[in-house]
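Descriptive analysis of the structure
Next come the chains, spelled out residue by residue.
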Amino acid sequence: MARSVVAMNQQGVRWTAEQVLALAPDVASRRAGSKLGTAGPWSEAGSSGDGAVWGLCKGSGSKPYQTIVDTTGPAYKCSCPSRKFPCKHALGLLLLWAGGEDAVASVQEGDVPDWAGTWLEGRRERSSAKKKETPAGDGPAAGAADPEAARRRAERRAGRITAGAQELEQRLADLMRGGLASAERAGYGLWEETAARMVDAQAPGLAGRVRELGAIPGSGPGWPVRLLEECALTHLLDRAWLGVERLPEPLAATVRTRVGLTAPVDGPSVRDRWMVLAQYDSGDGRLTTRRIWLYGRTSGRTALLLSFGAAGRAPQLALPAGVAIDAEITPHAGAGQLRAELGEQFSVPVPIDSPPPGGPVAAALDSYGHALRDDPWLDSWPVTLTDVVPVPADGGWQLADASGGSALPLTASPHSRPGLWRLVALSGGGPVTVFGECGHRGFTPLAAWSAETAETVALT
Amino acid sequence: MTATTSWEELVTSALLGTDRRPSAPAAPGQDAPVALLDAAALHTVRRRAGLRPAPAAALPEPAPHDPRTPLPEAARHRLTQLLAGRAAPSGGRRGVAPDLAELLPQWLAAANDHGYRAPASALPALLDAARARTDLRPQALAFAGPRGLWLARLNSDWKFALRGGFGSAQPGGPDHGAALPAPDDGEAVRRLWDEGLFAERAALLGSVRATDPAAGRALLATTWATERAEDRLMFLDSLRTGLSDADEPFLEQALADRSRNVRSTAAELLSALPHSALAARMARRASSCVGPDRSGDDAAAIVVEAPHECDAAMQRDGVIPNPPSGRGERSWWLGQLIESAPLATWTARLGGRTAEEIVALPVGDGWRDELHAGWCRAAVRQRDAAWARALLGPPTTPPAAGPGTQSLAERSKLLSVLPADERSFWVASFIAAHGLSEAFQLLGVCAVPWSEPLGRAVVDALDIARDAGSYPWSFSGVMGLAERCLDPGEADRLEVLTTLPDEPEGASPGAGGYWSEAFQRLVSTLRLRAAMRSELAPAGLDG
């Protein structure tokens with residue numbers, strides 16, 4: 001059923017090589033995939049109008065690997081033993097497909113080979129079955145056998161978090177009493193121990209904050225100021241949690257999310273032509289977090305999709321920057337929360353035609369300031385800057401309004417990243433449009449557009 | 001809670017501890033640490049909410065305009081793929097997939113031939129590639145163009161791009177390459193020459209010399225006396241471009257230079273000018289050492305009497321008196337005289353014989369190798385095709401039995417003197433006669449894509465090697481060259497070789513499979529090159 005909707009839409013435009021390579025779980029896969037992105041090892045490769053691609057890849061064995069990709073998911077299936085996801089064969093196949101009609105020809109619906117058709121068919125059935133189910137399963141009660149037991153569990157957890165928050169408050173008060181200078185001497189161990197206590201208290205949000213507090217004394221000049229700021233905000237979160245029932249509901253939901261409770265996915269879903277502005281991964285070795293920023297062409301709304309992957313596996317959800325999809329998203333609860341879940345997709349991704357609207361640097365800082373009213377713990381806020389120029393300044397870089405005068409410093413992290421240099425190259429000293437995260441540490445550029453080309457240049 | 005306490009006071013008291021330094025006045029019943037944290041939280045959120053833009057630093061000078069055509073979409077994606085594959089680990093079994101890193105040089109050359117502009121977003125990867133591989137630099141930097149140089153100035157990783165000499169390799173475009181003045185803009189040239197950094201001056205001299213050799217020499221002469229010795233050497237070297245008899249007076253004067261390296265470079269350049277006075281002096285010296293054997297009836301032999309001393313005049317003409325260890329000084333001096341004497345000397349000296357006839361003459365007292373080696377160097381230096389041909393001998397003659405030299409490096413230098421057609425025909429015949437085992441270096445000097453006879457000869461020889469049952473990696477060098485240099489149009493003809501053959505009698509186990517794989521890689525690389533070529537074809541022609 002869902003497929004017929006898709007089929008009525010325009011034919012999906014093939015992805016670009018950059019977009020394909022952005023899906024790679026790591027650098028090694030990227031290289032291995034690139035090597036397979038040529039006609040040599042492939043046979044029986046084909047694609048269908050609704051976004052499925054398949055091919056046989058000759059490997060070291062006698063039997064070629066069967067590789068199938070559903071680009072609307074995207075979802076991958078390969079008969080190779082690799083635990084990388086997507087594997088190099090899937091990446092190679094997509095690169096080949098990105099090469100155009102000559103490399104991977106489009107075929108009619110009936111000409112899909114059986115080995116690919118079976119899996120694709122299975123996926124379609126599963127996804128339409130899921131869609132039928134969703135309206136029936138209503139809210140969090142669906143699946144929970146006993147709502148009363150669930151409520152008791154939630155209460156027990158809230159109790160533990162409260163105990164954790166009180167303990168953390170005590171730690172922070174002790175720290176202030178003894179002075180931050182002594183905290184530097186105490187080293188990281190003290191913080192690790194406190195973080196472990198917060199994990200025990202089932203407050204992962206607090207645990208994460210505490211770990212970051214532990215890293216600040218080693219973060220270079222000016223650390224006492226940063227440590228005091230973050231201690232104060234952690235204190236603010238503790239106090240907010242301890243009085244959460246007195247807070248207005250949207251703020252209470254934000255506090256619960258910050259402490260580490262998963263906010264329910266609620267609110268009406270929003271259908272729009274969502275532009276994928278950026279996709280980037282961060283991780284600590286155990287867990288990879290993928291962030292995907294969306295901008296709704298019609299609603300003007302910005303949304304964040306999160307996807308997680310265990311060590312060595314790329315997160316499942318992948319949307320290459322620079323495409324737009326007609327899709328529904330459902331936001332999470334909470335004031336100032338941009339997180340959403342991706343729902344049904346009504347089209348295959350097509351390249352975006354123009355950058356999102358934006359403003360000067362002063363407006364970017366204003367919108368961060370506004371967002372802090374709903375969520376004072378925000379480190380940054382997604383904004384688009386128009387007509388800005390990257391400028392070297394004081395050993396770092398800033399983005400300055402092309403008209404001169406005002407500028408935003410870039411955060412320190414991208415300096416080592418090739419993204420900064422792509423941004424500078426794209427600008428060539430002239431104005432560009434840049435999407436990124438604007439916050440108290442500065443601006444982190446994630447994607448850029450130049451008037452010279454229609455290309456979305458990913459900076460991640 | 002209070003906001004009256006200043007942020008600095010809060011930080012101080014947090015650093016020292018509220019026990020020692022209480023700051024924020026606590027509300028009744030509130031602990032000092034809590035009061036401090038409350039005040040700090042208020043400060044922090046207020047500061048963040050009220051962040052204002054920083055003053056902008058001076059905007060950079062925009063990159064110069066690049067009038068070249070933008071890359072077609074498909075070619076842009078191909079470039080991304082090639083640059084991503086550049087860093088792919090090499091080594092190990094190569095499988096059937098093409099080696100992308102090896103295709104980047106010819107992709108860049110083709111893109112430059114078409115006069116395309118590099119996509120701005122690809123410039124960092126392009127500069128990184130050029131940084132890692134010096135052989136890519138001229139083409140990569142030409143492709144990167146003015147914006148590439150603009151960008152390289154901002155990142156010390158890419159300062160290699162500013163060392164000069166690369167910008168001038170770029171075809172077309174009046175304002176291409178480095179920010180060099182136009183070679184005919186006398187005043188700007190003059191100013192940069194007087195005030196520029198060494199790299200800029202070297203690039204400038206190169207570009208002026210390339211368009212107007214006399215102007216380049218004149219420019220160099222204006223400051224010659226005041227240049228440092230190592231700079232003189234580099235500048236003198238740039239006179240190789242457009243070298244002519246008109247340079248002789250300048251070079252003759254450089255023979256008296258204070259620096260020995262400058263003197264010997266000047267001598268080498270002069271000896272490449274057969275009409276120069278130095279060449280005549282060398283011819284006189286060489287003729288006194290080498291001549292027809294008068295003892296026999298018809299003088300059908302050469303006698304050699306190596307020089308007995310290296311006098312001051314010889315040294316002034318660039319002859320180096322001290323031989324490397326292991327060589328006799330007399331044969332060392334002889335070699336230098338032979339390589340610097342004009343080859344026309346020998347026709348006159350040896351009874352009007354042609355180069356072929358002279359090379360065929362017997363040489364007395366075991367001097368043949370020394371004499372022929374000197375002639376080889378002379379033929380290369382003087383770009384003398386007739387002598388190069390004679391010294392190479394017929395391609396069917398086994399190298400050990402032929403004239404000239406057995407050294408493959410020397411032979412490929414001789415080949416590079418021949419016209420391109422003749423060169424590839426010679427190598428094709430050589431391969432047909434002797435197989436591939438010694439062909440690698442010779443193939444390296446042949447024009448790309450290989451001519452049809454050469455391509456056939458290589459493929460036939462590979463086919464023969466396969467039938468002989470050896471492993472393909474014995475020929476991996478030639479195979480790699482074939483992937484890069486065979487005409488992409490040959491792919492269809494080669495397809496038949498990719499099938500798995502029956503294992504011939506006495507073959508190495510499994511060799512057939514590896515050969516099939518190697519040929520598959522060859523075919524897929526050729527197909528990829530054909531695709532690359534059509535992607536780069538200007539819009540409207542590629543269909």
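Numbering of residues starts from 1 in each chain and follows the order in which that chain's sequence is written. For this description, chains carry letters from A and ligands carry numbers from 1, given in the order in which they are written. Selection of residues for local features in this predicted model requires a pLDDT of at least 70, selection of side-chain atom pairs for listing and counting requires 80 or more, and totals for whole chains, interfaces and linings are taken over all residues. Derived side-chain values reflect all non-hydrogen atoms in the structure, with water molecules and hydrogen atoms excluded from consideration.

Moving on: the pattern of salt bridges. For salt bridges, the criterion is a side-chain nitrogen of Lys or Arg within 4 Å of an Asp or Glu carboxyl oxygen. By the definition in use, this model includes 57 salt bridges over all chains. R52 of chain B is the partner of D366 of chain A in a salt bridge, and the nearest nitrogen-oxygen pair spans 2.9 Å. Of this pair, D366 of chain A sits in helix α12 (residues 361-374) while R52 of chain B sits in the loop between α2 (32-49) and β1 (54-55), which puts the two residues in different chains. As a salt-bridge pair, R316 of chain B and D317 of chain B come within 3.9 Å of each other at their nearest N and O atoms. Summary of the burial criterion: residues with accessible area below 20% of their type's maximum are buried, those above 50% are exposed, and those between are partly exposed, where the area comes from a 1.4 Å probe applied to protein chains only. Classification of R316 of chain B by relative accessible area gives partly exposed; the value is 36%. Through salt bridges that share partners, R209, E229, E230, D379 and R441 of chain A together with R47 and R48 of chain B make up one connected network. Every helix listed is a DSSP run of H or I at least four residues long, and every strand listed is a run of E at least two residues long, numbered separately from the N terminus.

Residue and element names in this part refer to chain A. For two strands to be treated as a pair, DSSP must find at least two bridges joining them. Sheet architecture is open: five strands sit in the order β4-β3-β2-β1-β5, paired in mixed fashion. Every other strand in the sheet has two partners, leaving β4 (75-78) and β5 (105-106) as the edge strands with one partner each. Here four bridges tie strand β1 (residues 42-47) to strand β2 (residues 52-57), and the two strands are oriented antiparallel to one another. In the sheet register, W42 faces β2, and the bridge partner there is C57.

This part is about the pairing of strand β6 (residues 270-283) of chain A. All names here are of chain A. Where β6 lies against strand β9 (residues 323-331), six bridges are found, and the strand directions are antiparallel. Bridging from a neighbouring strand, V270 pairs with I329 of β9. With nine bridges joining them, β6 and strand β7 (residues 287-296) adopt antiparallel strand pairing. Directly across from G283, in β7, lies its bridge partner T288.

This next bit is on the domain arrangement of chain A. Residues and elements named next belong to chain A. As used throughout, domain bounds are those supplied by an automatic or database domain assignment. As assigned here, chain A comprises domain 1 (2-130), domain 2 (160-259), domain 3 (270-351) and domain 4 (361-458). The C-alpha centroid of domain 3 is placed 29 Å from the C-alpha centroid of domain 2. Any two residues whose heavy atoms approach within 4.5 Å at even a single point are treated as in contact. Across the boundary between the two partners, domain 2 contributes five residues, which contact four residues of domain 3. In this assembly, domain 2 packs against domain 3 so that about 340 Å² is buried in total across both faces, 50% of it on carbon and sulfur atoms. The buried area of a pairing is the accessible area, by a 1.4 Å probe, that goes missing from both parts when the two are put together, added over both.

To continue, consider the packing of aromatic side chains. In this description, an aromatic ring pair is defined by two values, namely the gap between the centres and the angle between the planes. In this scheme Phe, Tyr and Trp rings, the latter by its six-membered ring, pair at centre separations within 6.5 Å, and the angle between planes marks the pair as stacked below 30 degrees, edge-to-face above 60, and tilted otherwise. Evaluation of the coordinates by the stated rule reveals 13 aromatic pairs over all chains. Plain terms: the ring middles of W426 of chain B and F430 of chain B are 5.5 Å apart, the flat faces sit at 15° to each other, and that makes the pair stacked. Linking W426 of chain B with F430 of chain B, this pair stays in helix α21 (residues 420-434), spanning four residues, or about one helical turn. Here W426 of chain B matches F430 of chain B in class, with each residue buried. With a centroid separation of 6.1 Å and 40° between ring planes, the pair formed by F475 of chain B and W515 of chain B is classed as tilted. Within this pair, whereas F475 of chain B is found in the loop between α23 (452-467) and α24 (476-485), its partner W515 of chain B is found in helix α26 (residues 511-536), the two being separated by 40 residues in sequence. In this structure, F475 of chain B and W515 of chain B share a single accessibility class: buried. Through a chain of ring-to-ring contacts, the aromatic side chains of W397 and W421 of chain A together with W158 of chain B assemble into a single cluster. Look at NZ for Lys and CZ for Arg. If either is within 6 Å of the ring centre and within 35 degrees of the ring normal, a charge sits over the ring. The ring of F346 of chain A has R271 of chain A lying over it, and the distance from NZ or CZ to the ring centre is 3.7 Å. The ring of F160 of chain B has R137 of chain B sitting right over it, with the charged end atom 4.2 Å from the ring centre.

The subject of this paragraph is the confidence of the model for chain A. Residues and elements named next belong to chain A. Note on scores: pLDDT gives the predictor's confidence for each residue, bounded by 0 and 100. On average, chain A scores 84 in pLDDT, and the residues at 70 or more come to 91%. At the level of individual helices and strands, chain A shows its lowest average pLDDT in helix α1 (residues 2-8), which scores 37, and its highest in strand β15 (residues 432-439), which scores 95. Predicted confidence is poor over residues 1-11, with pLDDT under 50, and the contacts of this stretch with residues over four places away or in other chains come to 17 contacts. Considering only residues more than four positions removed or in separate chains, one finds that residues 134-143, a stretch of pLDDT under 50, has one contact.

Take the interface of chain A and chain B next. At the interface, 67 residues of chain A touch 63 residues of chain B. Taking both partners together, chain A and chain B bury about 5,500 Å²; carbon and sulfur atoms supply 66% of that area. Here chain A and chain B share eight salt bridges between them. Put simply, E230 of chain A and R48 of chain B hold a salt bridge, and the shortest N to O gap is 2.8 Å. Pairing of N or O atoms within 3.5 Å defines a polar contact, subject to two protein rules: one partner must be a possible hydrogen donor and the other a possible acceptor, and residues neighboring in sequence count only if both atoms are side-chain atoms. On the surface where chain A and chain B come into contact, there are 22 residue pairs in polar contact (both at pLDDT 80 or more). In terms of residue count, helix α10 (residues 223-242) of chain A provides more of the side of chain A that touches chain B than any other element does, 10 residues in total. Note that Gly is not counted as nonpolar here; it falls among the polar residues with everything else outside the nonpolar set of Ala, Val, Leu, Ile, Met, Phe, Trp, Tyr, Cys and Pro and the charged set of Asp, Glu, Lys and Arg. Per-class residue counts for the side of chain A that touches chain B are 36 nonpolar, 18 polar and 13 charged. With two bridges joining them, strand β14 (residues 406-409) of chain A and β1 of chain B adopt antiparallel strand pairing. Looking at β1 of chain B, one finds that A407 of chain A is bridged to A54 of chain B.

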